[in-house]
Amino acid sequence: MRKSLFARLLAVSALVAACSVAATAWLAVQTTSGAIRQEQGQNLTADARIYQSLLGYAAAHPTWEGVGGTVRELAKKSGRRIALTTERRDPLADSADPESSAALPAQASAIVDPLSVDTALAAETAGASGAPADRVDPRAVGPFRLPASERAELQQIAERNVACLSESGIASDVVRSASGRPRIQVVGNDPDRLQGARCMTDALDSPTATEKKALKSLNQLADACLKRQGRPGVQLKLDLSWGQAPEPRPAEARASMAPSPMPTAPPTTAPSVSPDSRPSPAVGNGEDGRAIASCVGTARREQLGSYVASPALLFISDTGGTTVPGFDLSPANTARIAGTAALVLALTVGASVLVGARLVRPLRALTGAAQRMRDGEDSVPVLVAADNEIGRLAATFNDMSAHRARLEAQRKAMVSDVAHELRTPLSNIRGWLEAAQDGVAEPDPAFIASLHEEAVQLQHIIDDLQDLAQADAGALRLHPEPVRIEDLLNQVAAAHQARAETAGVALTVLPAPPGRPLPGLTADPVRLRQAIGNLVSNAVRHTPSGGKVTLRPYGSESGEAVLVDVTDTGSGIPPEDLGHVFDRFWRGEKSRSRRTGGSGLGLAIVRKLTEAHDGSVTAVSVPGQGSAFTLRLPADRGGSSGNGSTEAGSTDGLSADGLSTDDRDGGGRGSEQP
């Protein structure tokens, strides 16, 4: 299974599908979660504004009566449904009609309690200042709220101080806190400039009668708490600190001191904390300090309880009744996601099965054909169904199968030809020897010469087969050296001159044309003479008496190769035989007569020897006029034969006869070596 292409394709497809589904799901969850978080953040900011507005109303009113107008106004601005109920879920106010609207959610959005502020929603709008440390809304001032007369008196004092500071070159404003106490706020970031000013009065720092009364009541409540714990009482100041002087803070206290720099505009939606409504951290650390701070906070809530509205449940939802959106990966949603992923995987696996089956079917056909070929059976061509990779593979396999069949036929023919070629001289030698043994033939010199001729012919066949075997195995040894091709052609012509004269054929060597000089050549002279000698021997054998054979060397047009033409005026080669002249044991004479001599290996050896020199050999022929064989060898300047095609002018020596031909037969024209 591990080696099956179909199984691997299926596994890879499933893996890709699984990775795709996982990546898509992850991306979808991340994108959706980001969008939900962004929407939740926007809703949280809007909800915090609604919460702060209602918290301010509760801090300034002892009951929730009359809050309906505020609720409807906030709902109109935010486009949300806002409802208030008691802790027992009794309705107090609702921006929508309770009878026609959806039921309120099971869980409230927040609890509106000015004595126990929701720190998360308070911090959303409080900015850097954060929520109150004791969780009491700074707008809940209760008995510390100043009457009109005290406000007016303090306001006049503050305005005189602002005018005095202005004369000193210090810009400042009067800011009123939730209790109505004014404070001076210096414009700019350098409150230390007040150190040298003489405009402050103690009246702006001293508590009024109302504040003294409220502070005394608060002090009594705190002392009672401390007494229950067995701790001594403390003296609270206007900023609700005790012991040493309070730490500086951004509140309205210490108006006669150096005020903290704040914006000139008074607060609107979230008033700043004032010293008479928020305790400052007490001086002192440890258990005593924490106990005092706890009692002061408890005393404040007890004191303010009758001045603020009771806690109420706040419900904020869309007009349709839904709450703030969220991402709930419930079992149903999980099942839907898993089902979708399983469906994608099933579709992917199904598609992979179909595609894999179509892919594997031709491969199995190829495998069956290859196995039949291995078993020696006749292989039926594989059907080429499409022009794709598999189709091209099938076409290539069919070509290989056909080529193998041709090679097998050639091998059988070669075995038969070798047996025939060896049988003839051996039969002759055996016949003559048996005749001499029986006393029929006299072992005279003619008898010995006949036996010697047959032995030489047999030796030629064996040498040719050995040369071909070495060339096929790449073991043909060459000994290259600089060669003058003109001298080599003259040597070949001289070696075959006697045979040419006997046949009545004129054998000549022509010089290179003036426009095609010969470049340098490095080759094995022995093997090169053997190749050219085979061509000359074939040409002489197939040229009738009165004809001529011509050898001509010349350089290629680019000067990268040396070309040698061997042309004749013989009978030529038929076009249908031209492609087989370099095949082994191929003869143009189908009768296989040895009248013209040759073993059918000469031109095959010529091709192998030329290819061993990185060259090529080609042949052209015109039946009835002659043939031309061209050897192309790379020159010393680094040129190499590219396609082995005959160069223009390669049949210049035959222009008078109109010859352009290949060898007439691969055996008869290359059977003998010089």
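Above this text is the structure in question.
Everything numeric here is computed off the predicted structure, so don't read it as measured data. (Residues numbered from 1 in each chain as written. Predicted model: local features only at pLDDT ≥ 70, side-chain atom pairs only at ≥ 80, totals over all residues. Heavy atoms only, no water.)

Enquirer: I'd like a description of the overall build of the chain, backed by residues and values.
Expert: Tallying secondary structure elements over the chain gives twelve helices and 13 strands in all. Burial status across the chain gives 41% buried among its 674 residues. Considering only contacts in the chain between residues 6 or more positions apart, those separated by 24 or more positions represent 73%. Here the chain displays about 35,100 Å² of accessible surface, and carbon together with sulfur accounts for 55% of that area. (Helix = DSSP H or I, 4+ residues; strand = E, 2+ residues; numbered from the N terminus. Buried < 20%, exposed > 50% of the residue type's maximum accessible area, 1.4 Å probe, protein only. Contact = heavy atoms within 4.5 Å. Areas by Shrake-Rupley, 256 points an atom, 1.4 Å probe, with all protein chains shown as cover.)

Enquirer: Give me the packing of aromatic side chains: which residues, what numbers.
Expert: Evaluation of the coordinates by the stated rule reveals three aromatic pairs. An angle of 15° between the planes, with centres 6.1 Å apart, marks the rings of tyrosine 57 and tryptophan 64 as stacked. Side by side, tyrosine 57 and tryptophan 64 carry an identical accessibility label, which is buried. Plain terms: the ring middles of phenylalanine 582 and phenylalanine 629 are 6.3 Å apart, the flat faces sit at 85° to each other, and that makes the pair edge-to-face. With phenylalanine 582 in the loop between β11 (561–568) and α12 (602–612) and phenylalanine 629 in strand β13 (residues 626–634), this residue pair connects regions lying 47 residues apart in the sequence. When its relative accessible area of 2% is taken as the criterion, phenylalanine 629 is described as buried. (Phe/Tyr/Trp six-rings, centres within 6.5 Å; stacked < 30°, edge-to-face > 60°.)

Enquirer: Which residues make up the sheet that holds strand β6 (residues 312–317), and what are the values?
Expert: In spatial order, the strands read β2-β1-β6-β3; together these four strands make up an open sheet with antiparallel pairing. Every other strand in the sheet has two partners, leaving β2 (91–94) and β3 (110–112) as the edge strands with one partner each. Strand-to-strand twist in this sheet, taken as the mean axis angle between neighbours without regard to direction, amounts to 25°. Note that strand β1 (residues 81–85) and β2 share three bridges and pair antiparallel. Looking across to β2, one finds that alanine 83 is bridged to aspartate 94. Across the face of the sheet, helix α2 (residues 67–78) comes into contact with β1 and β2 while running at roughly 155° to β1. (Pairing = 2+ DSSP bridges. Axes fitted to C-alpha atoms, helices over the stretch in contact; angles between N-to-C directions.)

Enquirer: Give me the pattern of salt bridges: which residues, what numbers.
Expert: As a working rule, side chains carrying opposite charge can pair if their charged atoms are close by. All chains considered together, the criterion is met by ten salt bridges. Where aspartate 288 meets arginine 231, a salt bridge forms, and the shortest distance between an N and an O atom there is 2.5 Å. Placement of the pair is aspartate 288 in helix α6 (residues 286–304) and arginine 231 in the loop between α5 (209–228) and α6, with a sequence separation of 57 residues. Given a relative accessible area of 22%, arginine 231 falls into the partly exposed group. The network of salt bridges with shared partners includes Arg231, Glu287 and Asp288. (Salt bridge = Lys/Arg side-chain N within 4 Å of Asp/Glu carboxyl O.)

Enquirer: Can you explain the state of the cysteines? Please cite residues and give values.
Expert: Any covalent bond linking the sulfur atoms of two cysteines counts as a disulfide. Counted by the stated rule, this structure contains one disulfide. Covalently, cysteine 225 is tied to cysteine 295 through a disulfide, its sulfur atoms 2.3 Å apart. Every disulfide takes its handedness from the sign of the S-S torsion; for cysteine 225 and cysteine 295 that torsion is -65°, giving left-handed. Remark: cysteine 295 occurs in helix α6 and cysteine 225 occurs in helix α5; sequence separation between them is 70 residues. Taking the relative accessible area as the measure of exposure, cysteine 225 reaches 9% and is therefore buried. A residue is classified by how much of its surface remains accessible, and cysteine 295, at 0% relative accessible area, is buried. (Disulfide = S-S within 2.5 Å.)

Enquirer: So what about the pairing of strand β5 (residues 182–186)? Which residues, and what values?
Expert: Of all the five residues making up β5, five are buried; the element is thus mostly covered by neighbouring parts of the structure. Of the two faces of β5, both are covered, the one formed by Pro182, Ile184 and Val186 as well as the one formed by Arg183 and Gln185. In terms of strand pairing, strand β4 (residues 172–176) meets β5 through five bridges, oriented antiparallel. The partner of arginine 176 across the bridge, within β5, is proline 182. Connecting β4 to the antiparallel partner β5 that follows it, the hairpin turn spans five residues, and glycine 180 within it adopts a positive phi of roughly 95°.

Enquirer: Pulling in residues and values, what's your account of the pairing of β1?
Expert: Counting buried residues along β1, five of its five residues qualify, which places the element largely inside the surrounding structure. Burial along β1 is two-sided: the face carrying Arg81, Ala83 and Thr85 and the face carrying Ile82 and Leu84 are both buried. Hairpin connection of β1 to β2: five residues between the antiparallel strands, including arginine 89 at a positive phi of 65°.

Enquirer: Which residues make up the side chain of aspartate 239, and what values go with them?
Expert: Along the polypeptide, aspartate 239 turns up in the loop between α5 and α6. Among the polar contacts listed, one links the side chain of aspartate 239 to the side chain of serine 241, at a separation of 2.6 Å. (Polar contact = N/O pair within 3.5 Å; in protein donor to acceptor, adjacent residues only side chain to side chain.)

Enquirer: I'd like to hear about helix α10 (residues 485–503), residue by residue, with values.
Expert: Compared with the 27 Å implied by 1.5 Å per residue over 19 residues, the 26 Å span of α10 between its first and last C-alpha is a close match. Where α10 bends most, the angle comes to about 50°, and this point is glutamine 497. Where α10 is concerned, the buried positions are Ile485, Leu488, Leu489, Val492, Ala493, His496 and Ala500. Where α10 is buried, its residues contact β7 (481–483), β8 (506–509), β9 (521–523), α11 (525–541), β10 (548–555) and β11. Trailing α10 by a residue or two, glycine 504 shows a phi angle of about 75°, which is positive. (Expected span 1.5 Å × (residues − 1). Bend = angle between axes of the 7 residues up to and from the residue.)

Enquirer: Could you give an account of the sheet that holds β11, with specific residues and numbers?
Expert: To summarise the sheet geometry, strands pair through backbone hydrogen bonds and adopt either a parallel or an antiparallel arrangement. If you trace the five strands from one edge of the open sheet to the other, you get β8-β10-β11-β13-β12, paired in mixed fashion. On the outer flanks of this sheet lie β8 and β12 (616–622), each paired with one strand and no other. This sheet shows a mean twist of 15° between the axes of neighbouring strands, independent of strand direction. As paired elements, β10 and β11 share seven bridges and run antiparallel to each other. Bridge assignment links leucine 551 to a residue of β11, and that residue is valine 566. Strand contacts of α10: β8, β10 and β11, with the helix running at about 170° to β8, the strand carrying the most contacts.

Keep in mind that these numbers describe shape and distance, not what the molecule does.
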